[in-house]
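Topology and contacts: notes
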Amino acid sequence: MQLRYVILYVADVGATMDFYAQAFGLELRFLHDGGDYGEMATGETRLAFSSIALMQSLGKQVATAAPERPSFELAFATDDVPAALDRALSAGATLVQGATDMPWGQTISYVRAPEGTLVEICTPTD
């Protein structure tokens, strides 16, 4: 099997996708005409967004966890963590942890996206 996509449930799909494009340079793959579902190109695995309202209309109750208690994170790898961190902050992300060099040789930082997702910006590990 292959992980094809990850879907985040958000209040405003279009605004969230705009942020991810500006903050992390992701490209729009498509946005449904109704604006309740969209996907961004991230390589082999897509990052998708679905509106909470759409899920509710389908009879699905989705969790909306408190941002200060994340149950997952997204990680974007880059060769220049400080520059990527600055870009994310300029786009509206909130700083959680500045760029830090780890003992195993990786540089990491953390931001929170406007919809609450914890995002790691890091150097590649492979």
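For the structure, check the block above.
Let us look at the structure shown here. Sequence order as written defines residue numbering, which begins from 1 separately in each chain. This being a predicted model, a pLDDT of at least 70 is required before a residue's local features are given, and a value of 80 or more before pairs of side-chain atoms are given or counted; all residues contribute to the totals for chains, interfaces and linings. Note: side-chain values were computed over all heavy atoms of the structure, leaving out hydrogens and water.

Regarding the packing of aromatic side chains
Only Phe, Tyr and Trp rings take part, Trp by its six-membered ring, and two of them pair if their centres are within 6.5 Å. Stacked means planes under 30 degrees apart, edge-to-face means over 60, and tilted covers everything else. Applying the stated rule across the entire model yields 6 aromatic pairs. Centre to centre, the rings of Phe19 and Phe24 are 5.8 Å apart; their planes meet at 90°, and the pair counts as edge-to-face. Just as Phe19 is buried, Phe24 falls in that class too. Pairing Phe30 with Tyr37 gives two aromatic rings, centres 5.8 Å apart and planes at 45°, and the pair type is tilted. Assessed through its relative accessible area of 32%, Phe30 is described here as partly exposed. Think of it in three bands: with a 1.4 Å probe and only protein chains considered, a residue is buried below 20% of the maximum accessible area for its type, exposed above 50%, and partly exposed in between.

Quick look at helix 1 (residues 13-24)
Quick reminder: α-helices carry 3.6 residues per turn. Residues three or four places apart thus point the same way. With 12 residues, helix 1 should cover 16 Å at 1.5 Å per step; its first-to-last C-alpha distance of 16 Å lies within 8% of that length. Within the sequence span of helix 1, burial applies to Val13, Thr16, Met17, Phe19, Tyr20, Ala23 and Phe24. Buried residues of helix 1, seen end-on, are gathered within an arc of 155° and therefore sit on one face of the element. As used in this structure description, the phrase polar contact means that two N or O atoms lie within 3.5 Å; if the pair is within protein, one of them must be able to donate a hydrogen and the other to accept it, and residues adjacent in sequence are counted only when both atoms belong to side chains. Under the scheme used here, helices are H or I runs from DSSP no shorter than 4 residues and strands are E runs no shorter than 2 residues, and both carry numbers assigned from the N terminus. Taking the backbone nitrogen of Gly14 as reference, a side-chain oxygen 3.3 Å away marks Asp12 as the first, capping residue of helix 1. Just downstream of helix 1 lies Gly25, where phi reads positive at about 70°. A helix is expected to span 1.5 Å for every residue after the first. Within this analysis, the arc is defined by the directions that extend from the helix axis to the C-beta atoms.

A look at the pattern of salt bridges
For salt bridges, the criterion is a side-chain nitrogen of Lys or Arg within 4 Å of an Asp or Glu carboxyl oxygen. Evaluated as defined, the whole model comprises 2 salt bridges. Two residues, Arg46 and Glu39, come together in a salt bridge whose shortest N-O distance is 3.7 Å. On the accessibility criterion, Glu39 (5% relative accessible area) is buried. What you see here is one network of salt bridges that share partners, running through Arg29, Glu39 and Arg46.

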